[in-house]
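Architecture and fold: a report
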Amino acid sequence: MVAVLLALISAVSYGCSDFAAGLATRRASVLRVTLISEAASVAVVGLALAVIGANPPDLRAVVWGCVAGLGGMCGALALYVGFRHAAFSVAGPLSAVGAAGFSVLAGLLLGERPTVLALTGIVLALPAIVAVSAGVGAGGSEHPGGGVSPAPAGPAAPAAPPEGPGGRVRRLFPAGVSYGLVAGACFALLFVGLNQAGSSSGLWPVFCGQAAALVAV
């Protein structure tokens, strides 16, 4: 039960992070947003590591931590580019479901055997998110990043041929799917890497991964 509670807290935190990053990428470059987020992560994890403490990490934990951090960094880049150039409501949810699905596949390859109920949930989640995301254009066109296209103001505004309900969203949907799936695969690498690093070294693998990601950005 504790694991489920922590996973839910993690999901809420990722959701808030995605929303904030999506807003930031409308006004700043993707690399700048990624750089700031990675720097903040290093600072927070470093502070937590200093307070909590942990045994010195072995080489395996450091290597897998770095792999996890680089995977998370690539996932963040793909997701932020998706927020900037595709439908926010497609790239964001699909990256989360993709991360879960790819993580389950990796677990199966590594010998884990989830329950039938868990596997059923994964099988149903992906088409459900795609179906929900496909309906975002029912009320109007959507900008990359989730905004709604404003109506032209003033007589000098150039007229544009109507696209029909959700026309822009339909054009953004394939791009959102692509960015979302790439981000999901990279986030799955983050989870797999942290799992392989183990828990004996505490937060050291997370700190090493975030430091590696910051240097890479």
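Residues numbered from 1 in each chain as written. Predicted model: local features only at pLDDT ≥ 70, side-chain atom pairs only at ≥ 80, totals over all residues. Heavy atoms only, no water.

**Topic: the confidence of the model for the protein**
Keep this limit in mind: As a per-residue measure, pLDDT tells how confident the predictor is, with possible values from 0 to 100. Each helix corresponds to a stretch of at least 4 residues labelled H or I by DSSP, and each strand to a stretch of at least 2 residues labelled E; elements are numbered beginning at the N terminus.
Confidence in the prediction of the protein, expressed as mean pLDDT, is 79, and 78% of residues score 70 or more. Per-element averaging of pLDDT across the protein places helix H5 (residues 116-134) at the bottom with 73 and helix H7 (residues 204-216) at the top with 95.

**So, helix H4 (residues 88-109)**
Just so we agree on the cut-off: Given the number of residues in a helix, its expected span is that number minus one, multiplied by 1.5 Å. Burial status follows relative accessibility: with a 1.4 Å probe on protein chains alone, a residue under 20% of its type maximum counts as buried, one over 50% as exposed, and anything between as partly exposed.
For H4, spanning 22 residues, the distance from its first C-alpha to its last is 31 Å, which sits close to the expected 32 Å at 1.5 Å a residue. Here H4 has its buried residues at Phe-88, Val-90, Ala-91, Gly-92, Leu-94, Ser-95, Val-97, Gly-98, Ala-99, Gly-101, Ala-106 and Gly-107. Within two residues after H4, Gly-111 carries a phi angle of roughly 105°, on the positive side.

**A look at a nonpolar patch on the surface**
The line we're drawing: For patch detection, residues must exceed 30% relative accessible area and be free of salt bridges, and they are connected within 9 Å for like charges or within 5 Å for nonpolar side chains (Val, Leu, Ile, Met, Phe, Trp, Tyr). Only the protein chains shown count as covering a residue, and every accessible area follows the Shrake-Rupley method with a 1.4 Å probe. Whenever a carboxyl oxygen of Asp or Glu lies within 4 Å of a side-chain nitrogen of Lys or Arg, that contact is scored as a salt bridge.
Together, Val-2, Leu-5, Leu-6 and Ile-9 make up an exposed nonpolar region whose accessible area comes to about 400 Å². Of note, Val-2 is situated in helix H1 (residues 2-24). A relative accessible area of 59% means that Val-2 is categorised as exposed.

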